[in-house]
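# Coordinate analysis (summary)
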Amino acid sequence: MTKKRLLLTGILCSALLLGGCSALTNSNDETEKEKEQKTDKKTEEERIEDKYFVSVQDYTGEGYTLDNGEETDRIAEENRDEVERAIKKYFKDEYKTEVKVHNIVGAIDGATVFVESVGNPHFYSYAIIPIDKDKKEVDSEGVWSQEGQVETAIVSGLYAWIYETEFKELNKFLENIAEEYPVIGINEEANENVRGSYFLTPYYKVTVYGGLFKDLLPDYIQHPNWSRDDWQRLLDSKSLDASMTSITIQMYMEKPDVDPDKKVFEEIVNKITEKDNIPAGNYSFILHDNTIDKTSAQNNKQNSLKKGAPNYIVKE
């Protein structure tokens, strides 16, 4: 082969190599563009999830909001000592109950204050303190609560206390479920800070709607220092209407980015159905994915799996 032909062959090979490298570079550039386009094409549902939803393991109540509460939230925090004194006085005067304050969240004309009872009966609740935005003052004498909210919290706590043995069995049962399956409950801090309603644990909520336990509230107001034995003696001659009590169990998938597992859901439902020696009531079970809406402390996604009304798991 002549020197001229060798030189031409070398030029052609170099051109092919350069062309190949150029093609490879262009291919990579297109891949990056495709990634960007995929990001841009996120659905509205995905954008909402990115904005509002967080992993349940990380959620302690931060980000929880009420409508038009930015200004009142700031005023309440500036007067936190006064707010706490007023709320504690309200529960002591109205319900003969000592509470501790966990969180204050501003709302349109006041602030919602989340509390936990000290001692037994144990429950979470909340009350509202009015705020004058013009004067930037809190109304310590105007504290109020939504109708039936605190009353239901107290009797739910009484129910859990009087049937303490059965509730310990339920707690142990659900802890074992969480060990056996890839599911978890919510953080206790979230219950304290933003989920202030009734008797709560990381796995379930107890709500008493009526019947025998609703009738116990006047006794509690009159005898706030009664022991568990005192309450049990009061109930010895009375029968409990289990249909007036709801026990809602909620669990979350332990791993992120997976839908609630239908097989796991069905197996847990079966275990609850077969379980004995747990409190009487109408049981519901809900299995969510790994996320929770930080602004509302709820997961209301369509992919959640539910067993409940009207087909409760009934324990009597």
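To be clear, the structure that these remarks concern was listed above.
Remember, it's a predicted structure, so these values are computed and weren't measured experimentally.

A count of helices and strands for the protein chain gives 10 helices and 13 strands. Per-residue burial over the protein chain gives 43% buried out of 316 residues. Contacts in the protein chain between residues at least 24 apart in sequence constitute 71% of all its contacts with a sequence separation of at least 6. When the accessible surface of the protein chain is totalled, it reaches about 17900 Å², and 47% of it is carbon and sulfur.

Together, Asp132, Asp134, Glu137, Asp139 and Glu141 line one region of the surface with negative charge. Within the fold, Glu137 resides in strand β5 (residues 137–138).

Quick look at the pattern of salt bridges now. Pairing is possible between side chains that carry opposite charge, provided their charged atoms lie close to one another. Applying the stated criterion across every chain yields a total of 11 salt bridges. Close ionic contact of Arg80 with Glu84 constitutes a salt bridge, the shortest N to O distance being 3.0 Å. Of the two residues, Arg80 and Glu84 are both situated in helix α4 (residues 80–95); the distance of 4 residues between them amounts to about one turn of the helix. Here Arg80 falls in the partly exposed class, since its relative accessible area comes to 24%.

Here we come to the pairing of strand β3 (residues 110–117). With 8 of 8 residues buried, β3 is to be regarded as a mostly interior element. Bridge analysis of strand β2 (residues 99–106) against β3 gives 7 bridges, and the strand direction is antiparallel. What sits directly across from Val99, in β3, is Ser117. What sits between β2 and β3 in their antiparallel hairpin is a turn of 3 residues. Counting the residues between successive antiparallel strands, the hairpin from β3 to strand β4 (residues 124–132) contains 6 residues, one of them, Gly119, with a positive phi of roughly 80°.

Another point: the nonpolar core. Soluble globular proteins tend to pack their nonpolar side chains together in the buried interior. Counting residues in hydrophobic clusters, the biggest one holds 66 residues, and the most contacted among them are Ile87, Tyr204 and Met251. Top contributing element to this core by residue count: helix α5 (residues 149–162), with 9 residues. If we ignore the near neighbours within four places in the chain, the residues touching Met251 are Leu174, Ile177, Val183, Ile184, Tyr203, Ile268, Phe285, Ile286, Leu287 and His288. Formed by 14 residues, the second largest nonpolar core is a distinct cluster that contains Val56, Tyr59, Val105 and Ile186.

This next bit is on the pairing of β4. The buried fraction of β4 is high, at 7 of 9 residues. The pairing of β3 with β4 spans 7 bridges and is classified as antiparallel. When the bridges of β4 are listed, Val115 appears paired with Ser125. Where β4 meets β5, 2 bridges bridge the pair, whose relative direction is antiparallel. Looking at the pairing, Asp132 lines up with Glu137 of β5.

Quick notes on the rules
Residues numbered from 1 in each chain as written. Predicted model: local features only at pLDDT ≥ 70, side-chain atom pairs only at ≥ 80, totals over all residues. Heavy atoms only, no water. Helix = DSSP H or I, 4+ residues; strand = E, 2+ residues; numbered from the N terminus. Buried < 20%, exposed > 50% of the residue type's maximum accessible area, 1.4 Å probe, protein only. Contact = heavy atoms within 4.5 Å. Areas by Shrake-Rupley, 256 points an atom, 1.4 Å probe, with all protein chains shown as cover. Patch = residues over 30% accessible without salt bridge, like charges linked within 9 Å, V, L, I, M, F, W, Y side chains within 5 Å. Salt bridge = Lys/Arg side-chain N within 4 Å of Asp/Glu carboxyl O. Lys, Arg positive; Asp, Glu negative; His and termini not counted. Charge placed at Lys NZ, Arg CZ, Asp CG, Glu CD. Pairing = 2+ DSSP bridges. Core = buried A, V, L, I, M, F, W, Y, C linked by side-chain atoms within 4.5 Å.

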